[in-house]
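Below, each chain spelled out in residue letters.
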Amino acid sequence: MRGQRDSQIAGGVSAVDLPLCVDLDGTLVKSDTLVDSVLVLARQHPKLLLQIPGWLSEGKASFKQHVTASVALDVEHLPYNRALLEFLREQHAEGRTIYLATAADGELADRVATHLGLFSGVLASDGKLNLAGKNKLAAFQEMFGDNFSYIGNALPDATLLAACQEPMIANPLPALSAAMKRSGTVAVRRFDDSNSRLKAWLKAIRLHQWAKNILIFLPLVLAHDHSLGLVLGALVAFISFGLCASATYIVNDLLDLEADRKHIRKSRRPFAAGDLSAISGCAVIGLFLLASLALAIAVPHIVAAFSPALDKPYKYLGWLTIYVVSTLAYSLKLKRMVLVDVVLLSGLYTVRIMAGSAATGVPVSNWLGGFSVFLFLSLALVKRFAELESLQMRGKAPTNGRGYLISDIEQLRSFGTASAFAAVLVLILYISSLDQHLYGHPDRLWFIVPVLLLWLMQLWLLASRGQLDEDPVVYAITDKRSLLLGAIVAGVVLSAL
């Protein structure tokens, strides 16, 4: 059984005298650099994705070389395993010989090694030989015999860990742990740098963003229709839309990996931080979209089971499709087009209202349409404004490629506040036109106006002070004053019935 302490290895050899070989993907870096590179390729050169089948036909090593040559992955902001990196720095300071040994392409491995400045050499794939598993072990034995240490994380590393003098693991996958148990290999060190997977997934699917989908119920609520079939239809549509939105959030995160890793807050997102693998993200995207589609198809049947059938049974599915296409276009291109991005973001809120109308057959009034356009445009603008304000306060320039400049702050403030007051004006005109058909005491609705004004002015004031979370939805559902104002609005509406 292997696993002697690192102070003395078999034969009395000191651990510091043993060459230390460190794997890259999943070990030194918590993500897979090949997958990361493919995602960057999809963002920067989507047409090259069509060449991937041809590259794969040339072999895995050649495929890696083609991908690495097509994009320059940002090695500075990769999600390094902090515990392992600290250990390597200590070993380097003691004079230990350390090698970066990886199946990644040599060009990428060289860039990582140059950035870290800890390695005496690099062993990597060269476009012809894929340096993984048995190939990596053969390279080690040719250079070091059996006198080497190794740090790995995945099943292909099991044979190398069993063959080395000082086996170590970093964020090991369950398959590797099982293989090591079967072979009797005991790790002398373990370097864990990961968060709870459950918490990571809850964060990745943006469960708090499902609050936006409450807009689906708005047409039904404003029509004062509480029939069981329509309520159930809206509820199923709510879940369907939530699953779909979560899938698109993951798509956006995967395509924005590099930009997020440079961002002070977004770098903590699960995929950017390496807490979740991009492959598992793709699997969840497919699962969520299929579940969302199944529920969308079920909506008209659920409504028909308890209420009169919808005139256009699959209209909700059409709006869901519009949402998916729009968000994909946003993630791939439109988010980097100045002002187009905020118009599209505000439109996605309105799409939720239209989807709720389609799921229940309750039409959306012109008043609601106009109010939602102006209100949500203001919220989209305050999000961009808050991002720029935060950068300005930290003395930094925008680097996310969205096209906005620090000098745009005042113009965005003008657009956003004007849009906010336009929404209030539409609300005033709506209340002025009401009769007692829907409300027994419509005059009481006037109390909503000062409450809405207070909330919007507070939102923009905090943004101007740099005190607003960049997402106004998060602010709305976590700020105590916002929740209190929301409760007051609900109470006013109930009193006006």
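In what follows, the structure referred to is the one given above.
Here the structure is a predicted model, which is why all the values come from computation and not from measurement.

### Quick look at the packing of aromatic side chains
Here the distance between the centres and the angle between the planes together describe a pair of aromatic rings.
Part 1 of the reasoning: Summed over all chains, the structure comprises 14 aromatic pairs.
Part 2 of the reasoning: Ring geometry for Phe 241 and Tyr 323: centres 4.7 Å apart, planes at 55°, overall tilted. Linking Phe 241 in helix α11 (residues 228-255) with Tyr 323 in helix α14 (residues 315-332), this pair joins segments that are 82 residues apart in sequence. When sorted by exposure, Phe 241 lands in the same class as Tyr 323, which is buried.
Part 3 of the reasoning: The cationic tip of Arg 352 hangs over the ring face of Tyr 349; the distance from NZ or CZ to the ring centre is 6.0 Å.

### Observations regarding unusual backbone geometry
Negative phi values dominate among residues other than glycine, just as trans dominates among peptide bonds.
Part 1 of the reasoning: In this structure, Arg 206 is a non-glycine residue whose phi angle is positive, near 55°.
Part 2 of the reasoning: If you trace the backbone, Arg 206 turns up in the loop between α9 (197-204) and α10 (218-222).
Part 3 of the reasoning: Despite not being glycine, Leu 339 has its phi angle at roughly 70°, a positive value.

### Thoughts on the packing of α11 against helix α13 (residues 278-306)
A pair of packed helices is characterised by two quantities: the angle between their axes and the separation of those axes.
Part 1 of the reasoning: Contact pair α11 / α13: the axes reach a minimum separation of 8 Å and the direction vectors enclose 165°. The pairing of α11 with α13 is recorded here as roughly antiparallel in orientation. The crossing of α11 and α13 is left-handed.
Part 2 of the reasoning: Class assignment for the residues of the contact of α11 with α13 results in 25 nonpolar, six polar and no charged.

### Section: the sheet that holds strand β5 (residues 166-170)
Part 1 of the reasoning: With parallel pairing, six strands are arranged side by side in an open sheet as β3-β2-β1-β4-β5-β6. If you trace the sheet from one side to the other, it starts and ends with β3 (121-125) and β6 (189-191), each paired once. Ignoring strand direction, the axes of neighbouring strands in this sheet form an average angle of 20°.
Part 2 of the reasoning: Relative to β6, β5 runs parallel, the two being bridged by three bridges. Following the sheet pairing, Met 168 is matched in β6 by Arg 189.
Part 3 of the reasoning: Sheet contacts for helix α5 (residues 106-116): β2 (98-105) and β3; angle to β2, the most-contacted strand, approximately 145°.
Part 4 of the reasoning: Contacting β1 (20-22), β2, β3 and β4 (149-152), helix α6 (residues 134-144) crosses the sheet at an angle of about 150° to β2.

### Topic: the pattern of salt bridges
Part 1 of the reasoning: A full pass over the atoms with the stated rule returns 15 salt bridges.
Part 2 of the reasoning: A salt bridge links Arg 190 to Asp 192; the shortest N-O distance between them is 2.8 Å.
Part 3 of the reasoning: Between Glu 387 and Arg 384 there is a salt bridge; the shortest N-O distance is 3.2 Å. Of this pair, Glu 387 and Arg 384 both sit in helix α16 (residues 366-393), three residues apart, which is roughly one turn of that helix.

### Points about empty space enclosed by the protein
Part 1 of the reasoning: Scanning all chains against the criterion turns up two cavities of 30 Å³ or more.
Part 2 of the reasoning: Asp 25, Thr 33, Leu 34, Ser 37, Lys 64, Val 67, Thr 68, Ala 104, Asp 105 and Leu 108 are the residues that line the largest cavity.
Part 3 of the reasoning: Counted by class, the lining of the largest cavity contains four nonpolar, three polar and three charged residues.
Part 4 of the reasoning: Considering only enclosed or pocket space, the second largest cavity measures out at about 30 Å³ in volume.
Part 5 of the reasoning: Lining the second largest cavity are Ser 37, Thr 68, Val 71, Ala 72, Leu 73, Leu 108 and Arg 111.

### Comments concerning the nonpolar core
Part 1 of the reasoning: One finds Phe 241, Tyr 316, Tyr 323 and Leu 468 to be the most contacted residues of the largest nonpolar core, which totals 63 residues.
Part 2 of the reasoning: Among the elements that make up this core, the one with the highest residue count is α16 (11 residues).
Part 3 of the reasoning: When neighbours within four sequence positions are excluded, Leu 468 is seen to be in contact with Val 382, Ala 386, Leu 459, Leu 462, Ala 463 and Tyr 475.
Part 4 of the reasoning: One finds Leu 73, Val 75, Tyr 80 and Phe 191 within the second-largest nonpolar core, a separate group that totals 36 residues.

### Brief notes about the side chain of Lys 335
Part 1 of the reasoning: Relative to the helices and strands, Lys 335 is located in the loop between α14 and α15 (340-360).
Part 2 of the reasoning: A residue is classified by how much of its surface remains accessible, and Lys 335, at 3% relative accessible area, is buried.
Part 3 of the reasoning: Within the structure, Lys 335 has its side chain in polar contact with the side chain of Asp 256 (distance 2.3 Å).

### Things to note about the side chain of Asp 193
Part 1 of the reasoning: Mapping Asp 193 onto the fold places it in the loop between β6 and α9.
Part 2 of the reasoning: Assessed through its relative accessible area of 8%, Asp 193 is described here as buried.
Part 3 of the reasoning: Only 2.7 Å separates the side chain of Asp 193 from the side chain of Arg 82, close enough to count as a polar contact.
Part 4 of the reasoning: Sequence-distant contacts of Asp 193, defined by excluding residues within four places in its chain, comprise Lys 30, Tyr 80, Asn 81, Arg 82, Ala 83, Asn 171 and Asp 275.

Here is what the cut-offs are and how they apply
Residues numbered from 1 in each chain as written. Predicted model: local features only at pLDDT ≥ 70, side-chain atom pairs only at ≥ 80, totals over all residues. Heavy atoms only, no water. Phe/Tyr/Trp six-rings, centres within 6.5 Å; stacked < 30°, edge-to-face > 60°. Helix = DSSP H or I, 4+ residues; strand = E, 2+ residues; numbered from the N terminus. Buried < 20%, exposed > 50% of the residue type's maximum accessible area, 1.4 Å probe, protein only. Lys NZ or Arg CZ within 6 Å of the ring centre and 35° of its normal. Axes fitted to C-alpha atoms, helices over the stretch in contact; angles between N-to-C directions. Parallel < 35°, antiparallel > 145°, perpendicular 65-115°, else oblique. Left-handed = near helix turned anticlockwise from the far one by under 90°. Nonpolar A, V, L, I, M, F, W, Y, C, P; charged D, E, K, R; others polar. Pairing = 2+ DSSP bridges. Contact = heavy atoms within 4.5 Å. Salt bridge = Lys/Arg side-chain N within 4 Å of Asp/Glu carboxyl O. 1 Å grid on protein atoms, 1.4 Å probe; cavity = no way out; pocket = protein on both sides within 12 Å on 5 of 7 lines; lining within 4 Å. Points joined across faces, edges and corners; volume = space filled by probe spheres on them. Core = buried A, V, L, I, M, F, W, Y, C linked by side-chain atoms within 4.5 Å. Polar contact = N/O pair within 3.5 Å; in protein donor to acceptor, adjacent residues only side chain to side chain.

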